[in-house]
Amino acid sequence: MPKNADDGQVFRITGARSSLSEDVRGRQRRYVISMLVRTACVLLAVILWDVQRWLAFAALAAGILLPYFAVLIANAGRERAPGLPSTFAFAPDTPLMLGPGGTGGGGASGENRPQG
C-alpha cells in the first residue's frame, strides 16, 4: 500500500469556516429580511398616520434608519475561524507532571531539593 506524503498530518475540520457561497447567501438573506421589516415599518407608518401620530413617527424613523444598519450588517465580513480549544493549547516543552519542588521526582523527602 503506497504511503501518501500527508499520512502524518491530521486536519481539523470542525473549526473550518463556512464556504464563501454559504456566507454570501446568509448575508443576502439577512439583507432581504431587513428590507421586508423596513417595508412593514413604512406601511405601518402610513396606516397609523391618522390613528396614533407618535407611533407612526416611530415606525417611519425605523423605516428610515433600518437600511443603514442592514447595509452595515450585510457588509460586516466573514466570521473569524475559531481557534483550538484551550485544553489543546499548551507549550510542547511544558512538563506534564512535576513532583514536589518542580524537580520531576515524586518523593516527599528533601534529598533532591537545593538548599537555599
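Our subject is the structure that appears above.
Heads up: these notes are all about the structure in this document. For clarity, every value in this text was computed on a predicted model and none was experimentally measured.

Re the packing of aromatic side chains
One pair of aromatic rings is described through two measures. These are the centre distance and the angle between the planes.
Part 1: Per the counting criterion, the structure on display carries two aromatic pairs.
Part 2: Between W49 and F57, the aromatic rings sit 5.1 Å apart at their centres with planes inclined by 70 degrees, giving edge-to-face as the arrangement.
Part 3: The partly exposed category is assigned to F57, whose relative accessible area is 45%.

Looking at the side chain of S34
Part 1: Its place among the elements puts S34 in helix α1 (residues 20-48).
Part 2: A polar contact of 2.9 Å, which involves the side chain of S34, links it to the backbone oxygen of R30.
Part 3: In this structure, S34 is in contact with L66 and A70, ignoring residues within four places of it in sequence.

Focus: a nonpolar patch on the surface
Part 1: A cluster of nonpolar side chains, contributed by V42, V46, W49, F57, L60, I64, L65, Y68, F69, L72 and I73, occupies part of the molecular surface with about 1,100 Å² of accessible area.
Part 2: Listed by contribution, the elements that provide at least two residues to the nonpolar patch are α1 and α2 (53-74).
Part 3: Of all the elements, α2 adds the most residues to the nonpolar patch, at eight residues.
Part 4: Counting through the fold element by element, V42 comes out in helix α1.

Thoughts on the pattern of salt bridges
Part 1: Throughout the structure, instances matching the rule amount to two salt bridges.
Part 2: The partner of R27 in a salt bridge is D23, and the shortest N-O contact between them spans 3.0 Å. Of the two residues, R27 and D23 both sit in helix α1, four residues apart, roughly one turn of that helix. Taken as a pair, R27 and D23 share a single burial class, namely buried.

Looking at α2
Part 1: Given a rise of 1.5 Å per residue, 22 residues ought to cover 32 Å, and the 32 Å separating the end C-alpha atoms of α2 matches this to within 8%.
Part 2: Considering bend angle alone, the principal kink of α2 is centred on L65 and spans about 35 degrees; proline P67 follows within four residues of it.
Part 3: Of the positions making up α2, those classed as buried are A56, A59, G63, A70 and A74.
Part 4: Those residues of α2 that are buried are in contact with α1.

Topic: the packing of α1 against α2
Part 1: Look at α1 against α2: their axes get within 8 Å of each other, and the N-to-C directions meet at 165 degrees. Overall, the two elements α1 and α2 adopt an arrangement that is roughly antiparallel. As for the relative orientation of α1 and α2, their crossing is left-handed in sense.
Part 2: Looking at side-chain class alone, the contact of α1 with α2 contains 19 nonpolar, two polar and four charged residues.

What counts and what doesn't
- Residues numbered from 1 in each chain as written.
- Predicted model: local features only at pLDDT ≥ 70, side-chain atom pairs only at ≥ 80, totals over all residues.
- Heavy atoms only, no water.
- Phe/Tyr/Trp six-rings, centres within 6.5 Å; stacked < 30°, edge-to-face > 60°.
- Buried < 20%, exposed > 50% of the residue type's maximum accessible area, 1.4 Å probe, protein only.
- Helix = DSSP H or I, 4+ residues; strand = E, 2+ residues; numbered from the N terminus.
- Polar contact = N/O pair within 3.5 Å; in protein donor to acceptor, adjacent residues only side chain to side chain.
- Contact = heavy atoms within 4.5 Å.
- Patch = residues over 30% accessible without salt bridge, like charges linked within 9 Å, V, L, I, M, F, W, Y side chains within 5 Å.
- Areas by Shrake-Rupley, 256 points an atom, 1.4 Å probe, with all protein chains shown as cover.
- Salt bridge = Lys/Arg side-chain N within 4 Å of Asp/Glu carboxyl O.
- Expected span 1.5 Å × (residues − 1).
- Bend = angle between axes of the 7 residues up to and from the residue.
- Axes fitted to C-alpha atoms, helices over the stretch in contact; angles between N-to-C directions.
- Parallel < 35°, antiparallel > 145°, perpendicular 65-115°, else oblique.
- Left-handed = near helix turned anticlockwise from the far one by under 90°.
- Nonpolar A, V, L, I, M, F, W, Y, C, P; charged D, E, K, R; others polar.

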